[in-house]
Amino acid sequence: MKNIFCRGRVPLILAVTIATTTYSQKKSLKIGDAVPNSVWTAPMEVVNHSQKTIKLSEDKDKLILLDFWNTWCSACLTGFPKMEELQKKFSGKIKILAVSNQDKATLEKFFASKNGQRYKEILSVAGDKILHSQFPHKGVPYIIWIKDGKLLNTTDGAQVNENTINEVLRGESSSLQTVVYMSRERPLMLSESFDQEKGTSLTNYSLLSKGRIRSIGFGSGFHRNGNIVYGRQFTNLSLLEIFTAITDEIFQQRKESFSNKRIVIEVKNPTALDYIKNSEGRVEDYNLYNYEYIVPVSLSDSLYPMMLKNLSQFADYSASIEKRKVKCLILRRTSQKDRIATKGGEMKYRFSTSESDLQNISMYAFVNSINGIPEIKLPIIDETGYTGNVDLKLLGISDPASLSKELSKYDLEIIEADRDINVLVIKDKS
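On a predicted model such as this, the values are computed, not experimentally measured, just so you know.

What counts and what doesn't
The written sequence of each chain sets the order in which its residues are numbered from 1. For a predicted model such as this one, the threshold for reporting local features is a pLDDT of at least 70, and the threshold for listing and counting side-chain atom pairs is 80 or more; totals across whole chains, interfaces and linings nevertheless cover every residue. To get the side-chain values, all heavy atoms of the structure are used, and hydrogens and water are removed first. Secondary structure is summarised from DSSP: a helix means a run of H or I of at least four residues, a strand means a run of E of at least two, and numbering begins at the N terminus for each. Expected helix span is computed as 1.5 Å times (number of residues minus one). Under the scheme applied here, a residue whose accessible area is under 20% of the maximum for its type counts as buried, over 50% as exposed, and between as partly exposed, the area being computed with a 1.4 Å probe on protein chains only. Note on definitions: a residue-residue contact is assigned when non-hydrogen atoms from the two residues lie within 4.5 Å. Two strands qualify as a pair provided that DSSP identifies no fewer than 2 bridges between them. A fitted line through C-alpha atoms represents every axis, and for helices the fit uses only the stretch in contact; the resulting angles, taken between N-to-C directions, go from 0 to 180 degrees. The angle between axes fitted to the seven residues ending at a residue and the seven residues starting there is what we call the bend at that residue. Here, the term disulfide refers to a pair of cysteine sulfur atoms separated by no more than 2.5 Å. Criterion for a salt bridge: a side-chain nitrogen of Lys or Arg within 4 Å of a carboxyl oxygen of Asp or Glu. Residue ranges for the domains trace back to a domain assignment, done automatically or taken from a database. Summed over both partners, the accessible area lost on bringing two parts together, with a 1.4 Å probe, is the buried area. For a crossover, the right-handed case is the one in which the path from the first strand over the helix to the second runs clockwise, viewed with the strands pointing away from the viewer.

(A) Molecular detail of helix α7 (residues 303-314). With twelve residues, α7 should cover 16 Å at 1.5 Å per step; its first-to-last C-alpha distance of 17 Å lies within 8% of that length. Considered for burial, the residues of α7 that qualify are Leu-303, Tyr-304, Met-307, Leu-308, Asn-310, Leu-311 and Ser-312. Contact partners of the buried residues in α7: β10 (205-210), β11 (219-225), β12 (228-237), α6 (239-253), β14 (289-294) and β15 (317-333).

(B) Representation of the sheet that holds strand β19 (residues 390-395) in the model. The three strands lie next to each other as β16-β17-β19, forming an open sheet whose pairing is antiparallel. Pairing within the sheet leaves two strands with one partner each, and these edge strands are β16 (348-350) and β19. When strand polarity is set aside, the average angle formed by the axes of neighbouring strands in this sheet is 15 degrees. Strand direction decides the pairing type here: β16 and strand β17 (residues 355-361), joined by three bridges, are antiparallel. Bridge assignment links Lys-348 to a residue of β17, and that residue is Gln-359.

(C) Inspection of helix α2 (residues 74-89) at higher detail. Counted at 1.5 Å a residue, the expected span for α2 with its 16 residues is 22 Å, and the 24 Å between its end C-alpha atoms agrees. Of all the bends in α2, the largest measures some 30 degrees and sits at Phe-80, one to four residues before the proline Pro-81. Within the sequence span of α2, burial applies to Ala-75, Cys-76, Leu-77, Gly-79, Phe-80, Met-83 and Leu-86.

(D) Region of the structure containing the state of the cysteines. Enumeration over the complete set of coordinates arrives at one disulfide. In this model Cys-73 forms its disulfide with Cys-76; the gap between the sulfur atoms is 2.4 Å. The sign of the S-S torsion, about 85 degrees, decides the handedness of the disulfide formed by Cys-73 and Cys-76: right-handed. When sorted by exposure, Cys-73 lands in the same class as Cys-76, which is buried.

(E) Representation of unusual backbone geometry within the structure. The omega angle of the peptide bond from Val-140 to Pro-141 is 0 degrees, so this bond is cis rather than trans. Even without being a glycine, Asn-360 presents a positive backbone phi close to 60 degrees. By the secondary structure assignment, Asn-360 is in strand β17. Look at Asn-360 and you get buried, because its relative accessible area is 15%.

(F) Structural view of the pattern of salt bridges. Within the structure shown, the criterion is met by 24 salt bridges. We note a salt bridge from Asp-148 to Lys-147, for which the minimum N-O separation is 3.5 Å. Residue class for Asp-148 comes out exposed when judged on its relative accessible area of 63%. Each member of the salt-bridge network shares a partner with another, and the members are Asp-156, Arg-212, Arg-214 and Asp-285.

(G) Main features of the environment of Val-39. By the secondary structure assignment, Val-39 is in helix α1 (residues 37-41). Overall, Val-39 belongs to the buried group, its relative accessible area being 0%. Here the alpha-carbon distance between Val-39 and Ile-263, two residues 224 residues apart in the chain, equals 55 Å. The contacts of Val-39, once residues within four sequence positions are left out, are Leu-56, Ile-130, Leu-131 and Gln-134.

(H) Up close: the domain arrangement of the protein chain. In terms of domain boundaries, the protein chain breaks down into domain 1 (33-170), domain 2 (192-315) and domain 3 (325-428). With centres defined by C-alpha atoms, the gap from domain 2 to domain 3 works out at 29 Å. In this assembly, 21 residues from domain 2 lie in contact with 20 residues from domain 3. Taken over both partners, the interface formed by domain 2 and domain 3 buries close to 1,700 Å², and the fraction arising from carbon and sulfur atoms is 56%. The three residues of domain 2 that bury the most area against domain 3 are Ser-257, Lys-261 and Arg-262, which together make up 41% of that side's buried surface. Across the contact surface, domain 2 and domain 3 share zero salt bridges.

(I) Spatial organisation of the pairing of strand β5 (residues 94-99). For β5, a buried count of six out of six residues is recorded, marking the element as mostly surrounded by other parts of the structure. Burial of the side chains of β5 extends over both faces: Ile-94, Ile-96 and Ala-98 are buried on one face and Lys-95, Leu-97 and Val-99 on the other. Strand direction decides the pairing type here: strand β4 (residues 63-68) and β5, joined by six bridges, are parallel. Along β5, the bridge assignment pairs Leu-63 with Ile-94. Of the crossover connections in this fold, the one passing from β4 over α2 to the parallel β5 is right-handed. Judged from the two bridges that link them, β5 and strand β6 (residues 124-125) form a sheet pairing that is parallel.

Here is the structure:
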């Protein structure tokens, strides 16, 4: 099951990217275990340092934070300035050490790049194996807290701040939440002991929770049997995002175009449906949702309608697909001449508001694309009746007027009219 969630028509907010990486857990330490002497004394190759290697024992008397990262992890890079600031503030009391399993040449090339120059003061272990074997993880950034020679905790990067560091240094009861990254390959929160049961198999599963789960990233995944999707998982997303994603799948099955222009929100407090941000622009954890639904493979065709019904039953709001009379833009042909028929060849799909080159694609795909243009406020309905694939080249289609101008070259037009169409309606529960 892939940790991928990307739809061009309905944007997804990803506040943090958790990149999946798996390591052997044969020698992994548990919280409270003493860090072996072999770890303290092993010479570790580093970059951005006057020495070629360092030893962890040099800072054994300090609170040590190992910040596991990789060059392709945007969340890791975003956290570096904070780590630098905390290192300076608690100088002499803590040691924050970045750790990467990428080799020295790769890290040096990154730090020499335009983007990497911003982080060239970061001391990082390169080509690491020993720390990764002792502290295996499925995602980065991942923070290991070591105090008094023992593994104190494992967290995500967001929990590293002045308050938590002070708590640990003073020996107070810590507010840190342990994070052991979960895999998307299995149902959320399903105990691994289930796998040991003989004579039983999972046929249906549903989970809904409110509030961020720190042990998994922001996004979505699928349960598949070959090409058949029989389960879907959403983690740390807004309820609006989840409702929208499910509805998008239903519309795709019906070969209908869907976008946020087909969403009707009839709730007293619409803010609660979406992402809520704090004064620093970060998404608040308390209003995030996690939802998973699995059905038997034989019911896979009904997965998304069942999900929408199930989620509406237990969430704070209900959602349904209804027919509503809506002002639309109608796409239609202006002559009997066929100026859009494809000449065949390899399918080409390059779409943007400045220049689009579409070759051998369906009219459905084209309508989906233009429905995603934010400046076009009304939903576009295809009434061309055209069933074959098309070739289209369009320039500057940022609004209805410019779109009409470009479409006229192909004997197509858009006109404004009311239509009864399917929309996603989200309501307060009575």
